[in-house]
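Results of the structural survey
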Amino acid sequence: MPRIVKVRMREGARVINLRSASLDGVGADVRTSPALEVRGGGITATPAHESPPETRRRYTLAELLDGAQHLPDLYTEVAGALDAPAASDEIGAGVVR
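Counting starts from 1 at the beginning of each chain's written sequence and moves along it residue by residue. Selection of residues for local features in this predicted model requires a pLDDT of at least 70, selection of side-chain atom pairs for listing and counting requires 80 or more, and totals for whole chains, interfaces and linings are taken over all residues. By convention in this description, side-chain values take in all heavy atoms of the structure and omit both hydrogens and water.

**What about the overall build of the chain?**
Put simply, DSSP marks the helices as runs of H or I at least four residues long and the strands as runs of E at least two long, and each gets a number from the N terminus on. Secondary structure assignment for the chain yields three helices and four strands. For the chain, the sequential pattern of α-helices and β-strands runs β-β-α-β-β-α-α. Buried residues are those whose accessible area, probed at 1.4 Å on protein chains only, stays under 20% of the maximum for their type, while exposed residues exceed 50% and partly exposed ones sit between those limits. Among the 97 residues that make up the chain, the fraction classed as buried is 2%. Should any heavy atoms of two residues lie within 4.5 Å, those residues are counted as being in contact. Within the chain, contacts between residues separated by at least 24 positions form 0% of all contacts whose residues are at least 6 apart in sequence. In this description, accessible areas are obtained by the Shrake-Rupley approach with a 1.4 Å probe, and a residue is regarded as covered only by the protein chains that are shown. Total accessible area on the chain is roughly 9900 Å²; 55% of this is exposed by carbon and sulfur atoms.

Written as structure tokens, this is what we have:
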């Protein structure tokens, strides 16, 4: 038996709340992505088998510090760049809080 649900607006998106039993029927759960298809004036949900998300690369401390020995030279080259007056509405440009 079809269940009637309401379409709601949430942060600019149209949202439909589904009961757990409905999601179990298509093999979906929280944070899964079932495939939705509009067919014959209705919406059909089917399981979508996704590849696992790629893990983000983790860097070692040595990799993060690679090239840091050049920072003192870089700072002396751009030292006067921050001493100029504000050109527009930069954050903190002459504003005392």
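**Observations concerning unusual backbone geometry**
With a phi close to 55°, Glu-11 is a non-glycine residue in the positive phi region. Residue position: Glu-11 is located in the loop between β1 (7–10) and β2 (13–16). The class of Glu-11 is exposed, set by a relative accessible area of 81%.

**Notes on the layout of surface pockets**
Of the volumes computed, that of the largest pocket is approximately 490 Å³. Of the grid points, spaced at 1 Å and generated over the protein atoms alone, those admitting a 1.4 Å probe that cannot get out make up cavities, while open sets with protein on both sides within 12 Å along at least five of seven lines make up pockets; any residue with an atom within 4 Å of a point is treated as lining. Lining the largest pocket are 15 residues; nearest its centre among them are Leu-18, Leu-23, Leu-36, Ile-43 and Ala-45. Secondary structure elements with two or more residues in the lining of the largest pocket: α1 (20–25) and β4 (42–46). Each residue receives one of three labels: charged for Asp, Glu, Lys and Arg, nonpolar for Ala, Val, Leu, Ile, Met, Phe, Trp, Tyr, Cys and Pro, and polar for the others, Gly being one of them. Of the residues belonging to the lining of the largest pocket, the class tally is 10 nonpolar, three polar and two charged. Grid points are joined across faces, edges and corners, and a volume is the space filled by probe spheres set on the points.

**Section: the pairing of β2**
Paired strands, in this sense, are two strands between which DSSP finds at least two bridges. Here β1 runs beside β2; their pairing, made up of four bridges, is antiparallel. By the bridge assignment, Met-9 is partnered in β2 with Arg-14.

**Brief notes about the pattern of salt bridges**
Opposite charge on two side chains permits pairing when their charged atoms draw close. Whenever a carboxyl oxygen of Asp or Glu lies within 4 Å of a side-chain nitrogen of Lys or Arg, that contact is scored as a salt bridge. Considering all chains together, one arrives at two salt bridges under this definition. Here Arg-39 and Glu-37 are joined by a salt bridge, their closest N and O atoms 3.0 Å apart. Here Arg-57 ties to Glu-63 by a salt bridge, and the two come within 2.9 Å at their closest N and O atoms. For Arg-57, a relative accessible area of 52% translates into the label exposed.

**Some words on a nonpolar patch on the surface**
A cluster of nonpolar residues, Val-5, Val-7, Ile-16 and Leu-18, forms a patch on the protein surface that exposes about 330 Å² of accessible area. As for its position among the elements, Val-7 is in strand β1. According to the relative accessible area criterion, Val-7 is exposed, its value standing at 53%. Residues forming no salt bridge and having over 30% relative accessible area are the ones grouped into patches, like charges within 9 Å of each other and nonpolar side chains (Val, Leu, Ile, Met, Phe, Trp, Tyr) within 5 Å.

**What about the environment of Ser-20?**
Among the structural elements, Ser-20 can be located in helix α1. As a C-alpha pair, Ser-20 and Val-30 span 10 residues in sequence and 9.5 Å in three-dimensional space.

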